[in-house]
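Each chain, written out:
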Amino acid sequence: MKIYTKTGDSGLTTLIGGTRVPKDHIRVACYGTIDELNSYIGLVRCYAISSATDTQLEEIQQLLFAIGAVLAADPEKSNMKLYALTTSDVKFLEKAIDQMDGELPTLKHFILPGGSILVSTIHIARCVCRRAERLVVQLASATSVPENVVIYLNRLSDYLFILARKMAKDTDTKEIIWHAR
Amino acid sequence: MKIYTKTGDSGLTTLIGGTRVPKDHIRVACYGTIDELNSYIGLVRCYAISSATDTQLEEIQQLLFAIGAVLAADPEKSNMKLYALTTSDVKFLEKAIDQMDGELPTLKHFILPGGSILVSTIHIARCVCRRAERLVVQLASATSVPENVVIYLNRLSDYLFILARKMAKDTDTKEIIWHAR
Amino acid sequence: MKIYTKTGDSGLTTLIGGTRVPKDHIRVACYGTIDELNSYIGLVRCYAISSATDTQLEEIQQLLFAIGAVLAADPEKSNMKLYALTTSDVKFLEKAIDQMDGELPTLKHFILPGGSILVSTIHIARCVCRRAERLVVQLASATSVPENVVIYLNRLSDYLFILARKMAKDTDTKEIIWHAR
Ligand code: B12
Ligand code: B12
Ligand code: B12
Ligand SMILES: C[C@H]1O[C@@H](n2cnc3c(N)ncnc32)[C@H](O)[C@@H]1O
Ligand SMILES: C[C@H]1O[C@@H](n2cnc3c(N)ncnc32)[C@H](O)[C@@H]1O
Ligand SMILES: C[C@H]1O[C@@H](n2cnc3c(N)ncnc32)[C@H](O)[C@@H]1O
Ligand SMILES: [Mg+2]
Ligand SMILES: [Mg+2]
Ligand SMILES: [Mg+2]
């Protein structure tokens, strides 16, 4: 089977469950942006990170596909058994945040995103995660989305923020504070 | 002539044909996102790729400008002769896909985007291409857009997916499969 | 205090001034995209640039936070004294553009975005800047936004274009012209 099926050449695509929707449907934007986020996390994994962090990021990539499947399913038509995110998936992020945060100086100001290629790339991933969250919140205002999906994305951007700070610290990269005028 | 003409300081801009539209018009988002995609393809070309692939990507960059011009023209006002994408432009991508795909193991699962900086960057470009496609599909639902533009973008994201896989193979980068839970 | 306050788990967030809005509100997209732009500028600063350019980019990052604060404030509820962009902030960009442009050959055609990792990353930042501008223009059509914010973003993308050209020239990177067919 060819990779290009041409079934989307008309601008329509097929959700899990068989419903045909235009590609500019908010649902498609949601899982498309999760895909973009996933690609940035893949990029982060290519830079010098510890194998413990790498394992966390692979777990996150796997879960983003689970989220993608949930978002790609028409809630009214699909009867496919899909993995629903659990409270432990959220806890997994919180535990990782707490662990890293414990090693960091308390923050009382915003910091300029940047400092090294690795740290900057994590900040970009953080922003794409928040872009995905905004779209999923929009979808959730129109139809039912599992609550844990929104919570997971909210926590994931905080995880990425703390990861950026942790990677900066581990590489002696100075944090620059924002000075409001 | 200065690069900054200040004509857009009010939030309006000029389409080919002279029509003034606000910058948040969907048409402007379309060619603006094609520009973003084009920049990512430019980035991909900076990493270690064969000169044959580089030539393909330059051709794609040139065509993205042709697409940009078509999208920037007011169909009701412009009488500028613009290059319309042809079936051979789409075939060019299909031939390249088939050639690369022939060297790749058949895929029966999703793969995690990532593996190397080059491969990850191609996946990001793929996602930006799909973001552009979503916007162009939205534009096409409101006004007439040459059919080949949508088809070209649809095929281009498949080309980028196969290119990512091919670059992974050429550099012995392992593909990680998504395991649905 | 933990970084994750959980106050956004429901999909709502708090503007400066105390108003609760859904995260898919256009205002949130505006400062969220300014954040994404800021992260790309942080990334640009990690590559080989002169310290004069680095100082300009840090100033720009600081101002993007000032813009973020203005955009995050509910104009009807907030009475916080926020820095309003001035004409000199715009002039700062224009002076930098003029200085760089003076050293560059006149352009009579579009150039393909790319050439080196640094140059490509600046082009991506330019496109994200224009994406932010489109959103801010949309916000300004619904509510009052300080005029200088739109002007600053408009000029910033021109600054980034000229910076990309200047960095290309300084590193003997060839510019490739777009040839309309
Ligand atoms: C949602 C979705 C996505 C999501 C990812 C899935 C997710 N969960 O987040 C996103 C948007 C990221 C995506 C991307 C792509 N997708 Co997709 N996707 C779908 C969709 C709508 C549902 C798949 C799903 O999640 N099912 C839920 C899981 C639990 O069910 P499953 O049956 O076990 O899913 C398995 C197969 O569907 C899949 N699979 C089986 N054969 C193949 C072959 C290929 C080439 C791929 C990529 C996957 C694949 O592997 C899954 C896990 O085992 C299907 C179409 C449909 N309506 O079913 C297309 C579909 C599977 N995708 C397809 C394609 C081509 C792609 C892309 C290559 C497109 C591109 N150019 O970017 C990429 C590949 C990304 C990658 N990293 O591998 C094609 C595959 C065609 C083929 N040759 O078999 C399909 C059938 C759509 C179509 N008709 O064109 N996709
Ligand atoms: C569509 C468009 C774009 C598209 C690209 C074009 C495409 N086809 O995809 C996008 C959105 C990517 C773009 C980007 C930019 N653009 Co533009 N764009 C236009 C627009 C609306 C139409 C141009 C077009 O495609 N014409 C169709 C072709 C077939 O016709 P053409 O007449 O032969 O086009 C030639 C010239 O227009 C152009 N050209 C001539 N002189 C100059 C000077 C400069 C500096 C540039 C960049 C181009 C340029 O070269 C073309 C090919 O030969 C015009 C405004 C208008 N309404 O005409 C502005 C315009 C050409 N752009 C302009 C600018 C400043 C830019 C950017 C620098 C903005 C930025 N900060 O990012 C970048 C440069 C990108 C690059 N890589 O070089 C200015 C140029 C001002 C000047 N000094 O002459 C214009 C006139 C708008 C304006 N009034 O401010 N743009
Ligand atoms: C706008 C805004 C942003 C903007 C940036 C600000 C800007 N000007 O562009 C953006 C969208 C980029 C942003 C990002 C983040 N933000 Co914010 N942001 C806000 C918001 C809505 C207003 C802040 C502001 O600009 N005030 C105007 C300035 C002039 O007033 P100020 O009182 O002097 O501001 C000072 C403090 O607010 C801030 N500050 C004080 N303590 C802390 C602690 C932390 C951890 C941080 C990051 C900042 C911070 O430092 C400012 C300068 O001195 C507040 C919530 C609110 N309604 O107040 C949240 C808030 C400050 N943000 C918060 C968080 C968590 C973040 C992120 C980590 C989220 C993420 N995962 O990406 C990032 C960090 C980015 C960074 N580079 O440091 C939390 C902080 C929670 C805490 N532990 O104290 C708040 C309180 C929201 C909340 N309830 O969750 N944010
Ligand atoms: C730190 C600040 O960022 C804003 N915020 C919360 N979630 C998002 C998102 N997905 N995108 C952009 N901004 C967001 C809120 O205003 C919060 O207070
Ligand atoms: C692989 C799956 O991706 C979805 N799909 C097709 N086109 C796009 C796009 N432009 N953006 C996001 N998702 C898309 C369809 O649901 C397809 O089946
Ligand atoms: C160079 C051309 O880019 C278009 N233009 C101006 N501002 C933006 C923006 N924020 N995003 C996308 N395109 C824009 C106008 O049509 C201009 O003429
Ligand atoms: Mg949050
Ligand atoms: Mg497709
Ligand atoms: Mg402009």
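Residues numbered from 1 in each chain as written. Chains lettered and ligands numbered in written order. Predicted model: local features only at pLDDT ≥ 70, side-chain atom pairs only at ≥ 80, totals over all residues. Heavy atoms only, no water.

Taken together, 27 residues lie near ligand 2, and Phe65(B), His109(C), Ile111(C), Arg126(C) and Asp158(C) sit nearest. Close to ligand 2, residues of chains B and C are found. At 3.0 Å from a nitrogen atom of ligand 2 is found a main-chain nitrogen or oxygen belonging to Thr14(B). In the model, a nitrogen atom of ligand 2 is placed 2.8 Å from a nitrogen or oxygen of the Phe65(B) main chain. Of all the secondary-structure elements, those providing two or more residues to the shell around ligand 2 are α1 (26-44) and α2 (51-72) of chain B together with α4 (117-142) and α5 (147-170) of chain C. Counting residues per element, the shell around ligand 2 draws most heavily on α2(B), at 4 residues. Across the shell around ligand 2, the residue classes tally to 15 nonpolar, 6 polar and 6 charged. (Near = heavy atom within 4 Å. Polar contact = N/O pair within 3.5 Å; in protein donor to acceptor, adjacent residues only side chain to side chain. Helix = DSSP H or I, 4+ residues; strand = E, 2+ residues; numbered from the N terminus. Nonpolar A, V, L, I, M, F, W, Y, C, P; charged D, E, K, R; others polar.)

Sequence positions flagged by UniProt for "domain: Cobalamin adenosyltransferase-like" (unreviewed entry) are, in local numbering, residues 3-166 of chain A. Summarising residues 3-166 of chain A: 62% helix, 4% strand, and an end-to-end C-alpha distance of 40 Å. (UniProt positions renumbered as here; feature names shortened; annotations may be inferred.)

A separate point is the interface of chain A and chain C. Between chain A and chain C, the residue contacts involve 39 residues of the former and 33 residues of the latter. Summing both sides of the interface, chain A and chain C together bury roughly 3000 Å²; the carbon and sulfur share of this comes to 57%. Counting every contact that joins chain A to chain C gives 7 salt bridges. Lys6(C) is the partner of Glu94(A) in a salt bridge, and the nearest nitrogen-oxygen pair spans 3.8 Å. Linking chain A with chain C are 13 residue pairs in polar contact (both at pLDDT 80 or more). Elements represented by at least two residues in the side of chain A that touches chain C include exactly α3 (87-101), α4 (117-142) and α5 (147-170) of chain A. Among the elements that make up the side of chain A that touches chain C, the one with the highest residue count is α4(A) (15 residues). (Contact = heavy atoms within 4.5 Å. Buried area = accessible area lost by both parts, 1.4 Å probe. Salt bridge = Lys/Arg side-chain N within 4 Å of Asp/Glu carboxyl O.)

The subject of this paragraph is the site of ligand 5. In the vicinity of ligand 5, the contacting residues are Thr13(A), Thr14(A), Lys23(A), Val28(A), Tyr31(A), Gly32(A), Arg130(B), Glu133(B) and Arg134(B). A distance of 2.7 Å separates an oxygen atom of ligand 5 from a polar atom in the side chain of Tyr31(A). Between ligand 5 and Glu133(B), the relevant distance is 2.6 Å, taken from a nitrogen atom to a side-chain nitrogen or oxygen of the residue. For ligand 5, whose accessible area on its own is 410 Å², the fraction buried by protein is 76%. (Areas by Shrake-Rupley, 256 points an atom, 1.4 Å probe, with all protein chains shown as cover.)

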